[in-house]
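The primary structure of each chain is shown beneath.
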Amino acid sequence: MAQVVLQEVTKRYPGNPEDTVKPTSLTIHDKEFLILVGPSGCGKSTTLRMVAGLEDVTSGKILIGDRVVNDLPPKDRDIAMVFQNYALYPHMNVYDNLSFGLKLRGVAREEIRKKVGEVAEILGLQQLLERKPKALSGGQRQRVALGRAIVRHPQVFLMDEPLSNLDAKLRVQMRAELNKLHKRLQTTVIYVTHDQTEAMTMGSRIVVFNGGYVQQVDTPQAIYDNPANRFVAGFIGSPSMNFIPCRLERGHLTATGVKIGLPPGKLKNLMSYEGNDVDLGIRPEDVLAPEAPAAAGVQNASVDTSVEVIEPMGSENYLHLRAGDTTLIARMPPTVRAGFGQSLKVVLNTQKMHLFGKDGKTIF
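Description of the structure in this document. (Residues numbered from 1 in each chain as written. Predicted model: local features only at pLDDT ≥ 70, side-chain atom pairs only at ≥ 80, totals over all residues. Heavy atoms only, no water.)

This part takes up the overall build of the chain. In terms of helices and strands, the chain carries nine helices and 20 strands. Based on the C-alpha atoms only, the size of the chain along its principal axes is roughly 75 × 45 × 40 Å. Across the 364 residues in the chain, those meeting the buried criterion constitute 50%. Counted over contacts in the chain with a minimum sequence separation of 6, partners at least 24 positions apart contribute 67%. (Helix = DSSP H or I, 4+ residues; strand = E, 2+ residues; numbered from the N terminus. Buried < 20%, exposed > 50% of the residue type's maximum accessible area, 1.4 Å probe, protein only. Contact = heavy atoms within 4.5 Å.)

If you want it as structure tokens, here you go:
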């Protein structure tokens, strides 16, 4: 396996004055599972395709191991790519799909049989080797696509939204399978997705893209707990973080129908924002029922709301609440009794609040 290094890599298409991918520098460590995540059109797939050699680099360098690969064709980069649409050969059975790349490289027949057998055992495909792709389920096809990549033992695996065509239950299963597979094979993986749940559950580190720029690079938990800006805070997390436009006045955040006191420990960093508009961010799990106890030394802030929508999820309910001019989403246990139009006083865990300036940067 090998590390992958991007040095000030950019991509611009002819006729487009703007870079699709702005100058990007990243180091993907050996054996790391790195996730590129962001909304459609943010540059994540283009970045992956540049690493694969399917897109030319406008400027900058890409290194795989100790080789600069900018001018190498995909077949010489020692990478394997798994696509969203599986890209299996429909006229070949599973065995031939798995072995095709090895045959092109002139690998001996016995060695091919051995490698295919090992991969089929890892992925549970032993009973499917004689079937054609049309006789396989979506999950089985995806395992064959993974097997075709694994059988080559490349330095780097590149995966472009490989689970997006699967149903919700199968996506959960395949996420777990990919995690186990990575730990077993100890491979370097670069994985593109727009699904932040995949990013949070699978990645060693996450790279959050938006508008061609890298917004933040860190572990999933660090990004969740300490987002670098308002975009990252709103993109990572499901349901999304709540945002309340406020004004900072004398140690309080005020908005229509809302007045929230800030923890004393936060105030010393806010003197320069006095009298300014800011955005308060708080995650749904930190919008609490009125009887929720405050953490030691923390004063929860009470907010009067009315219930607009209730989404029962079984183990919890998502409550859509109206607070002044703002809508909040709260994750609460089913034991909290609430009905449409009902008034409900909630409390905000001020220790878990985030504050963002109007430029989108995190204040705390």
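To continue, consider the packing of aromatic side chains. Taken as a whole, this structure holds four aromatic pairs when the rule is applied. For the pair Phe33 and Tyr191, a centre-to-centre distance of 5.7 Å together with 40° between the ring planes defines the contact as tilted. Residue Phe33 is located in strand β3 (residues 33-37), and its partner Tyr191 is located in strand β8 (residues 188-193); the two are separated by 158 residues in the primary sequence. Neither residue differs from the other here; Phe33 and Tyr191 are each classed as buried. Here Phe231 and Phe235 contribute two aromatic rings whose centre-to-centre distance is 5.6 Å and whose plane-to-plane angle is 20°, an arrangement assigned as stacked. (Phe/Tyr/Trp six-rings, centres within 6.5 Å; stacked < 30°, edge-to-face > 60°.)

Bringing the packing of helix α2 (residues 94-104) against helix α4 (residues 138-150) into the picture now. Direction vectors running N to C along α2 and α4 enclose 30°, while the axes themselves pass 8 Å from each other. In terms of their interaxial angle, α2 and α4 are classed as roughly parallel. Of the two elements, α2 crosses α4, and the hand of that crossing is right-handed. On the side of α2, the interface is formed by Val94, Asn97 and Leu98, while α4 contributes Val144, Gly147 and Arg148. When its residues are assigned to classes, the contact of α2 with α4 shows three nonpolar, two polar and one charged. (Axes fitted to C-alpha atoms, helices over the stretch in contact; angles between N-to-C directions. Parallel < 35°, antiparallel > 145°, perpendicular 65-115°, else oblique. Left-handed = near helix turned anticlockwise from the far one by under 90°. Nonpolar A, V, L, I, M, F, W, Y, C, P; charged D, E, K, R; others polar.)

Attention shifts here to the layout of surface pockets. Its volume calculated, the largest pocket comes out at about 520 Å³. Met81, Tyr89, Arg105, Arg148 and Arg152 are, among the 18 residues lining the largest pocket, the residues nearest its centre. Only β6 (79-82), α2 and α4 provide two or more residues apiece to the lining of the largest pocket. Partitioned by chemical class, the residues of the lining of the largest pocket number 13 nonpolar, one polar and four charged. Space inside the second largest pocket adds up to approximately 240 Å³. Lining the second largest pocket are 14 residues, with Asp225, Asn226, Gln351, Lys352 and His354 positioned closest to its centre. (1 Å grid on protein atoms, 1.4 Å probe; cavity = no way out; pocket = protein on both sides within 12 Å on 5 of 7 lines; lining within 4 Å. Points joined across faces, edges and corners; volume = space filled by probe spheres on them.)

Our focus in this paragraph is the pattern of salt bridges. By the definition in use, this model includes 14 salt bridges. A salt bridge links Lys115 to Glu111; the shortest N-O distance between them is 3.6 Å. One end of the pair is Lys115 and the other is Glu111, both in helix α3 (residues 109-123) and four residues apart, which spans about a single turn. Taking relative accessible area as the criterion, Lys115 reaches 18% and is therefore assigned buried. The class for Glu111 is partly exposed, based on a relative accessible area of 32%. In this structure, the salt-bridge partner of Lys358 is Asp279, at a minimum N-O distance of 3.1 Å. Of this pair, Lys358 sits in the segment after β20 (354-356) while Asp279 sits in strand β14 (residues 277-282); the two residues are 79 residues apart in sequence, bridging distant segments of the chain. (Salt bridge = Lys/Arg side-chain N within 4 Å of Asp/Glu carboxyl O.)

Cis peptide bonds are those with omega within 30 degrees of zero, and the linkage from Ser238 to Pro239 qualifies with -5°. Counting through the fold element by element, Pro239 comes out in the loop between α8 (230-235) and β11 (242-249). Of note in this structure, Lys31 is not a glycine but carries a positive phi near 70°. With respect to the element layout, Lys31 can be found in the loop between β2 (21-28) and β3. The phi angle at Glu161 is positive, at roughly 45°, despite the residue not being glycine. Along the chain, the position of Glu161 falls in the loop between β7 (156-160) and α5 (168-185).

That's the geometry; what it means functionally is another story.
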